[in-house]
Amino acid sequence: MYTSGYANRSTSFSTTADGVAQKSVGRLSTGLISEVVYREDQPLLTQLLLLPLLQQLGQQSRWQLWLTPQQKLSREWVQSAGLPLTKVMQINQLSPCDTVESMIRALRTGNYSVVIGWLSEELTEEEHFRLTEAAEEGHAIGFIMRPVHPDSYRKGQRSGLKIHSNLYH
């Protein structure tokens, strides 16, 4: 599984009435966009990694939004996974473009602790930037779920963990 997470650290400056600049350092961003690339023939591995986080986020008063391609979440699976049935909302998406735009709108509202969307292609830099901004604005987490076929691993694609952050760049 290949996971790519992005978090930003910001420094904000404000000027007081007498013109003295004060510096606020180390305020960690509260929004996050992460891409989870998984093998469709091994869904259990992805579930084992994500479910504890989703269960913990389910304790918040906010909703969890699932933007799924065609599959419908079953009530039985949601309950057996330990997710709060009353806080999980699902919307079936028709196209990848709709998924990205829907994620941006949902993340920005602040009504959701997590927004999960399925895409078949990698995000563009502009899409990633817009999603990150929306996640930070809504203090939410966005997961991009991207399935890959087992054959692509034989063609040189490697699994690993890659975290991009301006803390280190």
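Keep in mind that this is a model prediction, so the values were computed, not measured. (Residues numbered from 1 in each chain as written. Predicted model: local features only at pLDDT ≥ 70, side-chain atom pairs only at ≥ 80, totals over all residues. Heavy atoms only, no water.)

Thoughts on the pattern of salt bridges
Reasoning step 1: The full count for this structure, using the stated rule, is 4 salt bridges.
Reasoning step 2: The partner of Glu-137 in a salt bridge is Arg-108, with the nearest N and O atoms 3.0 Å apart. A residue pair is termed long-range when its members are at least 10 positions apart, and Glu-137 in helix H4 (residues 125-138) and Arg-108 in helix H3 (residues 96-109) qualify at 29 residues.
Reasoning step 3: Taking relative accessible area as the criterion, Arg-108 reaches 33% and is therefore assigned partly exposed.
Reasoning step 4: Here Glu-122 ties to Arg-146 by a salt bridge, and the two come within 3.8 Å at their closest N and O atoms. On the criterion of sequence distance, the pair formed by Glu-122 in the loop between strand E7 (112-118) and H4 and Arg-146 in strand E8 (residues 141-148) is long-range, its members being 24 residues apart.
Reasoning step 5: Assessed through its relative accessible area of 9%, Arg-146 is described here as buried.
Reasoning step 6: Three or more residues joined by partner-sharing salt bridges are found here, namely Glu-35, Glu-122 and Arg-146. (Salt bridge = Lys/Arg side-chain N within 4 Å of Asp/Glu carboxyl O. Helix = DSSP H or I, 4+ residues; strand = E, 2+ residues; numbered from the N terminus. Buried < 20%, exposed > 50% of the residue type's maximum accessible area, 1.4 Å probe, protein only.)

Structural notes on the side chain of Gln-64
Reasoning step 1: With respect to the helices and strands, the residue Gln-64 is situated in strand E5 (residues 63-68).
Reasoning step 2: Classification of Gln-64 as buried rests on a relative accessible area of 0%.
Reasoning step 3: Filtering out sequence-adjacent residues up to four positions away, Gln-64 remains in contact with Leu-54, Leu-57, Gly-58, Leu-83, Lys-87, Val-88, Met-89, Tyr-112, Ser-113 and Val-114. (Contact = heavy atoms within 4.5 Å.)

With respect to the pairing of E8
Reasoning step 1: Taken across its 8 residues, E8 has 7 buried, putting it largely inside the fold.
Reasoning step 2: The pairing of strand E4 (residues 32-39) with E8 spans 8 bridges and is classified as parallel. Note on E8: the bridge partner recorded for Tyr-38 is Pro-147.
Reasoning step 3: With 5 bridges joining them, E7 and E8 adopt parallel strand pairing. (Pairing = 2+ DSSP bridges.)

As for the pairing of E7
Reasoning step 1: For E7, the buried fraction is high: 7 of the 7 residues fall into the buried class.
Reasoning step 2: Considered for its hand, the β-α-β crossover made up of E7, H4 and E8 is right-handed. (Right-handed = clockwise from strand over helix to strand, strands pointing away.)

A word on unusual backbone geometry
With glycine set apart, most residues show a phi of negative sign, and most peptide bonds adopt trans.
Reasoning step 1: Even without being glycine, His-139 reaches a positive phi, approximately 50°.
Reasoning step 2: Tracing the sequence through the fold places His-139 in the loop between H4 and E8.
Reasoning step 3: A residue is classified by how much of its surface remains accessible, and His-139, at 46% relative accessible area, is partly exposed.

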